[in-house]
Amino acid sequence: MRTTVGIIGAGPAGLLLARLLHNAGIDAVVLESRDRSYVERRQRAGILEQGTADVLRAAGAGERMDREGLRHDGIELRFDRSRHRVDFPSLTGGRSVMVYAQTEVCKDLIALQLREGGPLLFEAEALAVEDAGTDAPRIRFRHEGREDVLECAYVVGCDGFWGVARKAIPAGLSQVFERTYPFGWLGILADVPPSHDELVYARHDRGFALLSMRPPVNSHHPSGEVASPSLGSFVSRLYLQVPHGTDAGEWGDEEIWDELERRFETADDWRLERGPITQKSVTPMRSYVHEPMRHGRLFLAGDAAHIVPPTGAKGLNLAVGDVVTFARALIHRQETGSAELLDAYSATCLRRVWQAERFSYDMTTLLHRAPGATPFEDRLQLARLERIASSRAAETDLAEGYTGFPFG
């Protein structure tokens, strides 16, 4: 097989890149190790930055998002039993975010790719990227029980932290920057409407908590016509800070609800609605950056190059920024003959990556209580939160970071 761009991974980054290239008349082949059903059920991020939503619309993949997603114009911060709402549009010139799960983004992009785009091969396991430093890289992969080779002009690794793409960059060229946090998130999906119409981030002496929401599980496929959902049609997605290495099975359902109530407690009459818990898992927390994000004709995107703690809702959005940067650079090469933007890919992406890493780290240390934290550190956290609640400049910095840094 031969193509211009070989894309490893059919997550939102790989699928969006294939769509952007298709719209520009550039051929691509997508290789995905899992089957279609798994990709369309894989639960991940649920917050789309303004820029991500705009890119999906421009790519022709925003219709169902706009119909079924939930636009959020702010978040609520809770601390010391008080509540403070951060209003995004008033602080950012009209920007907002969209609650729309990664599973739904993937469904939309898969449907478009299969209907209009180039080859999308499920259960096609990439085994290695070869000759990455040359003008003719190759992806060796296994599909339908036999090995094959995809010859490319460019390879983009959207295959996650455990994928093969990053391994093709020589160790002598690689630098890794990382931090592992001593806590994780116990996340639940509950069959009950959200107790608040926007996300709630709570700092408490017992640890962090987050109130979020998702469209109902097994929501309509892109081929189906449905009415716009109300908040009541969404289900609750909630998280508790727990020690690193916690087993989700150690927590009983009522124990989880009791702890959520404690951490979300306010001085007014707000109350947390309870319901059946349908899903329970623990997410570890880490920060990770691999430099460079390019070697020869191999380009890394998304979790293959960087990971952020989920506090800032940046993972999926960073991956979108990477593939938008690559698509723009390749289109520029096709139109002008200049490789300037391709050569600058790693540096361009890393500027945005490090700002997102900084923002995610700031949000994490602002809201999570570290094991063994001292009263001095507790007071500093409260002082930082009070600064956001009382200073438009501090509040604007948070709103700009949350709604997204510019692409490119």
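Scoring rules and cut-offs
The numbering scheme is per chain: residues are counted from 1 as the chain's sequence reads. The predicted origin of the model limits local features to residues at a pLDDT of at least 70 and limits the giving and counting of side-chain atom pairs to 80 or more, whereas totals for whole chains, interfaces and linings rest on all residues. The basis for every side-chain value is the complete set of heavy atoms in the structure, and neither hydrogens nor water enter the calculation. Strands are runs of DSSP state E lasting at least 2 residues, helices are runs of H or I lasting at least 4, and numbering of each runs from the N terminus. For a helix, the expected span equals 1.5 Å multiplied by the number of residues minus one. When a residue's accessible area, from a 1.4 Å probe over protein chains only, is under 20% of the maximum for its type it is buried; when over 50% it is exposed; and in between it is partly exposed. Note that the arc is computed from the directions linking the helix axis to the C-beta atoms. DSSP-based pairing: two strands are paired if at least 2 bridges between them are found. As used in this record, nonpolar core signifies buried Ala, Val, Leu, Ile, Met, Phe, Trp, Tyr and Cys residues forming a set joined through side-chain atoms within 4.5 Å. We call two residues contacting when some pair of their heavy atoms lies within 4.5 Å. What counts as an axis is a line fitted to C-alpha atoms, over the stretch in contact for a helix, and the angles between N-to-C directions run from 0 to 180 degrees. Small angles under 35 degrees read as roughly parallel and large ones over 145 as roughly antiparallel, with 65 to 115 read as roughly perpendicular and the rest as oblique. It is the rotation of the near helix from the far one that decides the hand of a crossing: anticlockwise by less than a right angle makes it left-handed, clockwise makes it right-handed. The classification used treats Ala, Val, Leu, Ile, Met, Phe, Trp, Tyr, Cys and Pro as nonpolar, Asp, Glu, Lys and Arg as charged, and all other residues, Gly among them, as polar.

The name recorded for the protein in an unreviewed UniProt entry is 4-hydroxybenzoate 3-monooxygenase, from Streptomyces tibetensis.

(A) How the structure looks around helix α7 (residues 253-264). With twelve residues, α7 should reach 16 Å at 1.5 Å per residue; the first-to-last C-alpha distance of 17 Å fits that figure. Inspection of α7 places I256, W257, E259, L260, R263 and F264 among the buried residues, and these make up the whole buried set. Down the axis of α7, the smallest arc covering the buried residues is 165°, so these residues share one side.

(B) How the structure looks around the pairing of strand β16 (residues 277-291). Bridge count between strand β12 (residues 175-190) and β16: 13 bridges; the pairing is antiparallel. Each bridged residue has a counterpart across the sheet, and for F177 the counterpart in β16 is V289. Both β16 and strand β19 (residues 306-307) contribute to a ladder of two bridges, which runs antiparallel. Paired with Y288 across the strands is I307, a residue of β19.

(C) View of the nonpolar core. One finds V5, I7, L16, L21 and F326 to be the most contacted residues of the largest nonpolar core, which totals 75 residues. Beyond its immediate chain neighbours, meaning those up to four positions away, L16 contacts V55, L56, A59, L109, V320 and V323. Formed by 54 residues, the second largest nonpolar core is a distinct cluster that contains F183, V192, V242 and A248.

(D) A look at the packing of helix α8 (residues 315-336) against helix α10 (residues 345-367). Direction vectors running N to C along α8 and α10 enclose 160°, while the axes themselves pass 10 Å from each other. Accordingly, the angle class assigned to the pair α8 and α10 is roughly antiparallel. In the crossing of α8 with α10, the sense of the turn from one axis to the other is right-handed. Contacts from N317, L318, G321, D322, T325 and F326 in α8 reach Y345, T348, C349, R352, V353 and A356 in α10. The residue makeup of the contact of α8 with α10, split by class, is six nonpolar, four polar and two charged.

(E) Focus on the sheet that holds strand β6 (residues 82-87). Reading across the sheet, the eight strands line up as β6-β5-β13-β14-β15-β12-β16-β19 and stay open at both edges, with mixed pairing between neighbours. Only two strands of the sheet have a single neighbouring strand rather than two, namely β6 and β19. With five bridges joining them, strand β5 (residues 74-79) and strand β13 (residues 199-203) adopt parallel strand pairing. Within β13, the residue paired with E76 across the bridge is V200. Its contacts with the sheet place α10 against β12, β13, β16 and β19, and it is angled at close to 130° to β16. Of the strands in this sheet, β5, β6 and β13 are in contact with helix α11 (residues 375-390), which crosses β5 at around 145°.

(F) Inspection of the pairing of strand β15 (residues 235-243) at higher detail. Across the nine residues of β15, eight count as buried, placing the element largely inside the fold. As defined by bridge partners, β12 adjoins β15 across eight bridges and the pair is classed as antiparallel. The residue bridging L189 from the neighbouring strand is R237, located in β15. Bridge analysis of strand β14 (residues 209-214) against β15 gives six bridges, and the strand direction is antiparallel. Residue pairing in the sheet places A209 in a bridge with L240 of β15.

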